[in-house]
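# Residue-level structure breakdown
Residues per chain, in single letters:
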Amino acid sequence: MRLNDVITDCIRLKLSGAATDNVIQCFGGNILRKEKPVLVIEVSSKEILLWMMQGATNVHVYISAGTFHVNAMYAPTVRFPAARIYFMKSKNLFWFGHIGVYLEQNGIKLTPVDDASFSKLIDETGYIQRYKPWYEKRKADSRLFDGLLGGRLKNTAVDQAIWLSFDGKCLVCGEKADRMATSTVWGKSGMMIGMHLCLTHEEESQKQSILLNYLSNHLGGIVMFSNMRPLTTEEMLEQTCEILKVNFKCTIMKVVGETVTARRQSGITVVIRHQSPSNYAYIIMTPEGKQLSRVDSADHHIVPYGPDHVHSDLRKSTKNVVETSFTYGHICLDMKLLLKLIQEAEDKL
Ligand SMILES: [Zn+2]
Ligand SMILES: [Zn+2]
C-alpha cells in the first residue's frame, strides 16, 4: 500500500489537510526511521498539494541541488516525532513559476527556505529525543501484535504488516484502548493489519465481518482493499480442491459436506474440514488412515493466540503436545504450515 493512495482516498472523502495528515500519521509509524527526521510524501498533483497546504504548519519552497521542492510541512506532534512533508519537486524553473502562480491564486504564498531554516522548521536537532520515547512506546503497544505476526510469518502466507497506531489509543475514538484488533488482507500474499480499539469499538468491529470495513467506515468510507468478500461454502470448497491439486499435488478422493479428502502420490492423505474460520481442521494421515498430525481450532488447549493449534506428532505419547498454529482457518493463507506437515509426514514414511 502506498501512502499516496491513502491521501487520495482521504481527499476523495473531503477530509481536510490536517485530518488527512492525522491518517497519514497512523500509517506513517511503520516507515519512520531513526536516521530520518522527516516523513516525506511526494503527492501526485498540484491540487493535492494545495489541499495539503491548507492546514499545514508551514508552506515553503526549498531549493536543493538545483531542484525546487514545494513543501507543505506539518510539525512534529506529541504522538508523531517526525515532521511530515507533502511535496512536489522539479528542476524546471518554468514548472516552479507555474505552480507558484497557481498557489498564489489560491491564497498561498511560498517562502524560500534554506538548509539551516529547513532543519529548524522540522526541528531536526530534537528528533532523536522525540523518536526514542515514541519508538519505545510503539514497541510496547504493539508487542502483542508482533508476537502474532512472528507466528504468522512462519506458518502462513502473511509477509507484510502494518501497525496502525494512534499513540496507543483507540484508533476510532481516541479513548483509552484495551483491545488489539487485527485483520488480514490478501492477494498473492497476506498483509496483516493491527490496531488498538477501545472495548466499545472492538465489540462493534466484531459485528462487522471484516475489521477493515469497519475501520474504513469510521475513517469515513476509505475502501483501500476490495478483494475481501467472505467466500461461500461452495467457493471455499472449490478453492480448497484447487489448492490441493495445484499447490499440494494431490488427487481429490472425495468431497463430503465441508470436508475434502485428498491424497499425495506418496499415499499420505490430507483431510481439510472447513466449516468456518473458527471451526476447521487440517489432518495429515498415513496411507493406512492413521493420523500423523493435525491443525485444529477446538478450544481444548491453552495456547497463546489460541485456540488454533497444531499437533505436530499424534503418535501416542506426544498426542497432546500442541503449539499455537497461528493459522487462519483459511487454506489460502495456511498453506505454509500444511506443506511443512506433509513434508514431515513423508519424511517419516
Ligand atoms: Zn473507541
Ligand atoms: Zn487439537
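Preceding this section is the structure that the text describes.
Owing to the predicted nature of the structure, the values given are computational and were not obtained by experimental measurement. (Residues numbered from 1 in each chain as written. Chains lettered and ligands numbered in written order. Predicted model: local features only at pLDDT ≥ 70, side-chain atom pairs only at ≥ 80, totals over all residues. Heavy atoms only, no water.)

What follows is about the nonpolar core. Among the nonpolar cores identified, the biggest contains 51 residues, and I7, M53, V70, Y86 and L103 are the most heavily contacted of them. Residue contributions to this core reach at least three from each of two domains, namely domain 1 (3-134) and domain 2 (142-218). Here L103 is in contact with L50, M53, V70, I108 and L110, once residues within four sequence places are set aside. With 25 residues, the next largest nonpolar core counts L244, L292, V295 and L338 among its residues. (Core = buried A, V, L, I, M, F, W, Y, C linked by side-chain atoms within 4.5 Å. Buried < 20%, exposed > 50% of the residue type's maximum accessible area, 1.4 Å probe, protein only. Domains from an automatic or database assignment. Contact = heavy atoms within 4.5 Å.)

With that settled, consider the coordination of the zinc ion (ligand 1). The zinc ion (ligand 1) binds to the protein through C170 (SG), C173 (SG), C198 (SG) and H201 (ND1), with metal-donor distances spanning 1.9 to 2.3 Å. Angles of 101 to 115° at the metal separate the 4 donor atoms of the zinc ion (ligand 1), which places the site in the tetrahedral class. We note that the donor set of the zinc ion (ligand 1) lies within a single chain, spaced as C-x2-C-x24-C-x2-H. Of this pair, C173 sits in the loop between β6 (158-164) and β7 (179-186) while H201 sits in helix α8 (residues 199-207), and the two are 28 residues apart along the sequence. By relative accessible area, H201 is classed as buried at 12%. (Donors = N, O, S within 2.8 Å, 3.2 Å for Na, K, Ca; no water. Tetrahedral: all angles 85-135°; square planar, octahedral: opposite > 155°, others 65-115°. Helix = DSSP H or I, 4+ residues; strand = E, 2+ residues; numbered from the N terminus.)

The next point concerns the sheet that holds strand β12 (residues 279-285). Taken together, 7 strands build an open sheet; the order of strands is β9-β10-β11-β12-β13-β14-β15 and the sheet is antiparallel. Unpaired on one side and paired on the other, β9 (250-256) and β15 (322-324) mark the two borders of the sheet. Between one strand axis and the next, the sheet turns by 15° as a mean value, whatever way the strands run. Contacts between helix α11 (residues 331-348) and the sheet are confined to β10 (259-264), β11 (269-276), β12, β13 (291-296) and β14 (309-311), with β12 contributing the most and set at about 25° to the helix. (Pairing = 2+ DSSP bridges. Axes fitted to C-alpha atoms, helices over the stretch in contact; angles between N-to-C directions.)

Of the protein atoms, only D296 (OD), D296 (OD), H309 (NE2) and H311 (NE2) coordinate the zinc ion (ligand 2), at distances of 2.0 to 2.8 Å. Taken together, the 4 donor atoms coordinating the zinc ion (ligand 2) and their angles of 51 to 146° define a geometry best described as irregular.

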